[in-house]
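Chain by chain, the residues run as shown.
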Amino acid sequence: MSTAGKVIKCKAAVLWEANKPFSIEDVEVAPPKEHEVRVKIVATGICRSDDHVITGALVMPFPIILGHEAAGVVESVGQGVTAVKPGDKVIPLFVPQCGECQNCLNTKGNLCSKTDLGTSGGLMADGTTRFTCKGKAIHHFLGTSTFTEYTVLHESAVAKIDSAAPLEKVCLIGCGFSTGYGAALQTAKVEPGSICAVFGLGGVGLSVIMGCKVAGASRIIAVDINSDKFAKAKELGATDCINPKDFNKPIHEVLTEMTRGGVDYSFEVIGRTDTMTAALACCQYNYGVSVIVGVPPAAQKITFDPMLLFSGRSWKGSVFGGWKSKDAVPKLVADYMKKKFVLDPLITHTLPFTKINEGFDLLRTGKSIRSVLTF
């Protein structure tokens, strides 16, 4: 029996308000409108950015269906959709690629103006939502909303991938892996022989390490206050691991001494303003580059000595690793299939979707790198 054109009733994890657990609810998912795609989600990863909404560090409207790192299968398409068809395996793109805006048209840009990041409207392009629960409209998250059995996306926010790809692994290419790997390869453009420092060893930080290694960095210094994360960092390419708690001086001074004057590239993959300034200060004063990869907390400002930049350092931001999403995601999946990089070491837990609250507990207690929820 075809579900095309009909409302689908399914399970979703609804967040009714901040600082509360997810509630598994029956929701109605409307059929896709013009240029929209309805996708059956097969696997979705738990990312720190989802948790930032729960804590209020990333401000979004409630009630909401979170989730933005996933893989699934197209169930049906709206009018005018040409890029995908029912049955195609796809990865949702929280940074879409419309191909028409200034950022999409510029070779240096990747943050499509159609993204919901920063606008936090929580609605589809026509100003409405496709989700209803208990008679209430439920907001979308970053145009993706993957903590549900079915979701609706704009066609610019789906990438068709290899039909043989294992969805419970390649879902990480929808955010965590690509964000870190690209920060090293695309945003920083790390060169062979360079020295790198990576602050924060979650799934994204470890992916930065993988990118630095592929780029041929000679030293990759991993920094985290949780030493339990060091073994995995070394397995993926870190040459040194340091815990700021082991020193009685600021971490940027420790790194500057360790490297005879500072690192070539530093990456902040935590989302804290104090570590952002430390990462800037630890890179070489004349030509060092520091990249902000972690989502900055809402309503916090940074104060720093402008001399840090005047002497020649560069400070950059990177969203989704600088990749043009629709172009890059299928290629990254193809690279994974060719074993050019691994994803298994990043996935520490695979849980059924109904255990979503347990998955978030593992994230908050530092026991997981990536938990993948399967439907």
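As a starting point, this report considers the structure included with it. (Residues numbered from 1 in each chain as written. Predicted model: local features only at pLDDT ≥ 70, side-chain atom pairs only at ≥ 80, totals over all residues. Heavy atoms only, no water.)

1. A closer look at the overall build of the protein chain
- For the protein chain, the count of helices and strands is 11 helices and 17 strands.
- On the protein chain, roughly 15,700 Å² of surface is accessible, and the fraction owed to carbon and sulfur atoms is 54%.
- A distance of 2 Å separates the average location of the 40 positive side-chain charges in the protein chain from that of its 35 negative side-chain charges. (Helix = DSSP H or I, 4+ residues; strand = E, 2+ residues; numbered from the N terminus. Areas by Shrake-Rupley, 256 points an atom, 1.4 Å probe, with all protein chains shown as cover. Lys, Arg positive; Asp, Glu negative; His and termini not counted. Charge placed at Lys NZ, Arg CZ, Asp CG, Glu CD.)

2. Focus on unusual backbone geometry
- A cis amide bond links F62 to the next residue, P63, at an omega of -10°.
- Its location among the elements puts P63 in the loop between α1 (48-55) and β4 (70-77).
- The backbone of K189 sits at a positive phi, close to 55°, despite the residue not being glycine.
- Here K189 is to be found in the loop between α4 (176-188) and β10 (195-199).
- Residue K189 is classed as exposed on the basis of its relative accessible area, which comes to 52%.
- Residues other than glycine seldom take positive phi values, yet F320 does so here, at roughly 50°.
- Relative to the helices and strands, F320 is located in the loop between β15 (314-317) and α10 (325-337). (Buried < 20%, exposed > 50% of the residue type's maximum accessible area, 1.4 Å probe, protein only.)

3. A word on the pattern of salt bridges
- Scanning the entire structure with this criterion turns up 18 salt bridges.
- Salt bridges here are not isolated pairs; linked through shared partners, they connect K33, E36, D126 and R130. (Salt bridge = Lys/Arg side-chain N within 4 Å of Asp/Glu carboxyl O.)

4. Brief notes about the sheet that holds strand β12 (residues 240-242)
- Ordered by their spatial adjacency, 6 strands build an open sheet running β12-β11-β10-β13-β14-β15, and the pairing between neighbours is parallel. Lying at the two open borders of the sheet, with one neighbouring strand each, are β12 and β15. Strand-to-strand twist of the sheet, defined as the mean angle between neighbouring strand axes without regard to direction, takes the value 20°.
- Direction of pairing for strand β11 (residues 219-223) relative to β12: parallel, over a ladder of 3 bridges. Within β12, the position partnered with V223 by the bridge is I242. (Pairing = 2+ DSSP bridges. Axes fitted to C-alpha atoms, helices over the stretch in contact; angles between N-to-C directions.)

5. As for the packing of aromatic side chains
- Under the definition given, this model contains 10 aromatic pairs.
- Summarising the aromatic geometry, the rings of F94 and F320 are spaced 5.5 Å apart at their centres and angled 85° between planes, so their arrangement reads as edge-to-face. Of the two residues, F94 sits in the loop between β5 (89-92) and α2 (102-105) while F320 sits in the loop between β15 and α10, which places them 226 residues apart along the sequence. Note on accessibility: F94 and F320 belong to one class, buried.
- When the ring of F304 is compared with that of W315, the centres are 4.9 Å apart and the planes differ by 80°; the resulting orientation is edge-to-face. Here the residue F304 occupies a position in the loop between β14 (289-292) and α9 (307-310), and W315 occupies one in strand β15, the gap between them amounting to 11 residues.
- Through successive ring pairs, a cluster of aromatic residues spans F177, Y181, Y336 and F341. (Phe/Tyr/Trp six-rings, centres within 6.5 Å; stacked < 30°, edge-to-face > 60°.)

6. Regarding the packing of α4 against helix α5 (residues 203-214)
- As a packed pair, α4 and α5 sit with axes 7 Å apart at the nearest point and diverge in direction by 40°. In this view, α4 runs oblique relative to α5, as classed from their interaxial angle. Considering the relative orientation of α4 and α5, their crossing is right-handed. Here G176, F177, T179, G180, Y181, A183, A184 and L185 of α4 come into contact with α5, specifically with V204, S207, V208, M210, G211, C212 and V214.
- Here the contact of α4 with α5 is built from residues that sort into 10 nonpolar, 5 polar and no charged. (Parallel < 35°, antiparallel > 145°, perpendicular 65-115°, else oblique. Left-handed = near helix turned anticlockwise from the far one by under 90°. Contact = heavy atoms within 4.5 Å. Nonpolar A, V, L, I, M, F, W, Y, C, P; charged D, E, K, R; others polar.)

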